[in-house]
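Examination of the molecular architecture
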Amino acid sequence: MLSKLQARAFFLGGTIVTFGIFLGLSWNSLSNEVPKRTHEENLSPQVIHGKEIWESNNCMGCHTILGEGAYYAPELTKVYDRRGEGYIKAALMSKTPWSPRGRQMVAYAMTEQDANDVVAFLKWIGEVDLNGFPPKPQYKK
Amino acid sequence: MKYKSQKVAYWFFALSMLLLSLQIVYGFIMAFAHMGYDVLHPVIAFNTARAVHTNLLVVWLLSGFMGAAYYIIPEEAEHELVNVKLAYIQLITLALVGVVAIIGYHFNYWEGRKFLEIPRPLDWLVVVNVLTFLGLILVTLFKGKKRTTTALVLSMGLFFAALLYLPGMIWFDNQTMDSFFRWWVVHLWVEGVWELIMGGILAFLLIKITGVDREVIEKWLYVIVGLTFISGILGTGHHYYYIGVGKVWLIVGGIFSAMEPLAFLGMALFAISMYRKGEKKHPNKIALNWTLGTAIVSFVGAGLLGLAHTLPQVNMYTHGTLVTAMHGHLAFWGAYAMIVLAIISYALPNLTGRKLFDTTTGLLAFWLSNIGMIGMTVAFGVAGVAQVYLERMVGLEFGDVQKEIEVHFFILICCATMFTTGIVCYIIEFLKYGQPTDEALEA
């Protein structure tokens, strides 16, 4: 039967080995995959400012992006393709809560420049290679 | 043998109770919004309620873990806490940082990164606070007569939880990098080091309640935390499927995260078999309920419901839908909320000298909260599956789908009311115990 010492060796050994593999895989992803898949060369100051606005208003508190966030408002990774620039800017610059299907969005009343930066951020994120996410609806007519 | 400095644990538990109550209030705000009654929108918009709900959860669990450590470490190390005054200062500053953060969320003062919304300046205060806590625990352990495996596993869990907070404080321009390292905090906490904390507390409770030999319990503790790390570390990959990193994570994340339930299964079998093996039957039935309950519900909520959507083929469709909320609720409740409620139920009679071991209110608290939470999980599950089908398979608009599933949130609110009644019973019991006394600890 397993002794306490063997159990400890299993714990320490298992942890060290899997953590080593995890660090190796992470290193590979971050140095080789991310720059290409996210088109890092397109991360302009405008896109970065868009991300700052995105974070400082906690957009993830209602929406998802890359499928991460809250489930109260639409997933926005591909919103640039789906809705286009004009629609997004209208939602961001609206002085009254944007509520296309009843649910209300906070009225941010953004300046045109800020809205353009958020659009640039959303356009950039729409071009990231996400292994096929979000899926294409199979039964859509 | 009890130690007077263990009293500080009581106040951490009291803070937990207060924050848990507030967390539930914000949960109701969100449930009503999902049902179509977003009446508080101008004052508390959904994103505020959401940030408050999840952050209160994190803070009350951490406060509970800290209270557990302040209770367990002196007893395990056979040494009074080295500096009780500092522990009280740490408690007050923890509460202050929490309150400032939560008020800030109502005034757009946050950073919108799911679960880690606390702004960076406050992050540094959290770091100082947690370092103070760790210092107190580790010095007490170092000066103590004994260094038991239970105490070591618990301290190791707390130490790595603190260390892993740091990757969440780095700024990245690239959303993919941001997300990648955010999971180092969130995933490696809840599916890694927090399980060490849970395992440590569970082992302590089983030693005390069942009377089974410490050597046997601690041997299996090593096996369980070993399984946790072997599956959980590479299981982080299940968050990397669709965020802009390579396909290798689909394989690695899929295989290892599918093994994650093993650790929780181990925990459940461990608790039940130790209970059956134990000859001494501790009179504290309520603590026994919560102890066995946490082991079993965590297996269902964190283990099985996680497995239900962890494979990439499934997750492609469920990622970013209410299915995640279904798993999240029962997982956090079973694994972490219940372990905190278990240690509180065990510690309170010893701290206060009142032996409310088998009261109706105490049992009602256990059953109502658990049945209520299972009901909520089912409601989230039904809404989630309907959402996945209509939105991701049929291709209906998000807003139209949400209208279709509003009715499930009515059921959710009914179950949440039951859950809340259970928690109210728990808090009534907590208040009935009164404050800790030196006489109780000397007895």
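Calculation rules
Residues numbered from 1 in each chain as written. Chains lettered and ligands numbered in written order. Predicted model: local features only at pLDDT ≥ 70, side-chain atom pairs only at ≥ 80, totals over all residues. Heavy atoms only, no water. Helix = DSSP H or I, 4+ residues; strand = E, 2+ residues; numbered from the N terminus. Rg over C-alpha atoms; globule rule 2.2 N^0.38 Å. Buried < 20%, exposed > 50% of the residue type's maximum accessible area, 1.4 Å probe, protein only. Contact = heavy atoms within 4.5 Å. Patch = residues over 30% accessible without salt bridge, like charges linked within 9 Å, V, L, I, M, F, W, Y side chains within 5 Å. Areas by Shrake-Rupley, 256 points an atom, 1.4 Å probe, with all protein chains shown as cover. Salt bridge = Lys/Arg side-chain N within 4 Å of Asp/Glu carboxyl O. Buried area = accessible area lost by both parts, 1.4 Å probe. Polar contact = N/O pair within 3.5 Å; in protein donor to acceptor, adjacent residues only side chain to side chain. Nonpolar A, V, L, I, M, F, W, Y, C, P; charged D, E, K, R; others polar. 1 Å grid on protein atoms, 1.4 Å probe; cavity = no way out; pocket = protein on both sides within 12 Å on 5 of 7 lines; lining within 4 Å. Points joined across faces, edges and corners; volume = space filled by probe spheres on them. Domains from an automatic or database assignment. Core = buried A, V, L, I, M, F, W, Y, C linked by side-chain atoms within 4.5 Å. Axes fitted to C-alpha atoms, helices over the stretch in contact; angles between N-to-C directions. Parallel < 35°, antiparallel > 145°, perpendicular 65-115°, else oblique. Left-handed = near helix turned anticlockwise from the far one by under 90°.

1. Focus on the overall build of chain B
Tallying secondary structure elements over chain B gives 15 helices and zero strands in all. A compact globule built from 443 residues should have a C-alpha radius of gyration of about 22 Å, and chain B, at 21 Å, falls within 12% of that. Considering only C-alpha atoms, chain B reaches an extent of 65 × 45 × 45 Å along its principal axes. By the burial criterion, 67% of the 443 residues in chain B qualify as buried. Excluding contacts between residues fewer than 6 apart, the proportion of contacts in chain B whose partners are at least 24 apart in sequence is 84%.

2. Re a nonpolar patch on the surface
A contiguous nonpolar surface patch, about 500 Å² in accessible area, is contributed by F32, Y37, V39, L40 and V43 of chain B. By relative accessible area, which is 33% here, L40 of chain B ends up partly exposed.

3. Observations regarding the interface of chain A and chain B
On the chain B side, the residues contacting the 69 residues of chain A number 80 residues. Counting the surface lost from both chain A and chain B, the interface buries some 6700 Å², and carbon and sulfur atoms represent 64% of this. In this structure, the connection of chain A to chain B is made through six salt bridges. The closest approach of N and O atoms between R83 of chain A and E397 of chain B, which form a salt bridge, is 3.0 Å. Between the two partners, chain A and chain B, sit 32 residue pairs in polar contact (both at pLDDT 80 or more). It is helix α1 (residues 4-37) of chain A that provides the largest number of residues to the side of chain A that touches chain B, a total of 19 residues. Across the side of chain A that touches chain B, the residue classes tally to 36 nonpolar, 18 polar and 15 charged.

4. A few points about the environment of D178 of chain B
Looking at where D178 of chain B falls in the secondary structure, it is placed in helix α6 (residues 175-210). Classification of D178 of chain B as buried rests on a relative accessible area of 2%. Each residue touching D178 of chain B, except ones within four places of it in the same chain, is listed here: K51 and E55 of chain A together with R113 and F172 of chain B.

5. Focus on empty space enclosed by the protein
All names here are of chain B. Within this structure, the stated rule accounts for three cavities of 30 Å³ or more. Of the pockets and cavities examined, the largest cavity occupies roughly 110 Å³. As for the largest cavity, its lining consists of 13 residues, of which I286, S345, Y426, E429 and Y433 are closest to the centre. Listed by contribution, the elements that provide at least two residues to the lining of the largest cavity are α9 (285-308), α11 (322-352), α12 (360-393) and α14 (406-433). The greatest single-element share of the lining of the largest cavity, amounting to four residues, is contributed by α14.

6. Remarks on the domain arrangement of chain A
For chain A, the assigned domains read domain 1 (1-37) and domain 2 (42-135). Here the C-alpha centroids of domain 1 of chain A and domain 2 of chain A sit 36 Å apart.

7. Digging into the nonpolar core
Soluble globular proteins: nonpolar side chains tend toward being buried together. Counting 205 residues, the largest nonpolar core has Y70, W189, W194, I201 and W333 of chain B as its most contacted members. In terms of residue count, the dominant contributor to this core is α6 of chain B (23 residues).

8. Let's talk about the domain arrangement of chain B
All names here are of chain B. What the domain assignment reports for chain B is domain 1 (1-147), domain 2 (160-282) and domain 3 (318-443). Between the C-alpha centres of domain 1 and domain 3 the distance comes to 18 Å. Taken together, the contact pairs 28 residues of domain 1 with 36 residues of domain 3. Regarding the contact of domain 1 and domain 3, the summed buried area is about 2900 Å², with carbon and sulfur atoms giving 81% of it. The salt bridge involving K4 is made with E442; its shortest N-O contact spans 3.2 Å. There are four residue pairs in polar contact (both at pLDDT 80 or more) connecting domain 1 and domain 3. A total of 12 residues in the side of domain 1 that touches domain 3 trace back to one element, the largest contributor, which is helix α1 (residues 8-34). Residues belonging to the side of domain 1 that touches domain 3 are distributed by class as follows: 19 nonpolar, six polar and three charged.

9. Remarks on the packing of helix α2 (residues 46-77) of chain B against helix α4 (residues 120-143) of chain B
Residues and elements named next belong to chain B. Close contact between α2 and α4 brings their axes to 9 Å; oriented N to C, the two are set at 15 degrees. With respect to α4, the axis of α2 lies roughly parallel. Crossing of α2 over α4 shows left-handed handedness. In this structure, α2 uses M66, A69, Y70, I73 and A77 to contact α4, whose residues at the interface are N129, V130, F133, L136, I137, T140 and L141. Looking at the contact of α2 with α4 residue by residue, the class counts come to 10 nonpolar, two polar and no charged.

10. Brief notes about the side chain of N315 of chain B
Note on placement: N315 of chain B falls in helix α10 (residues 312-318). Once you skip the residues sitting within four places of it in the chain, N315 of chain B turns out to touch H238, Y241, Y242, H309 and T310 of chain B.

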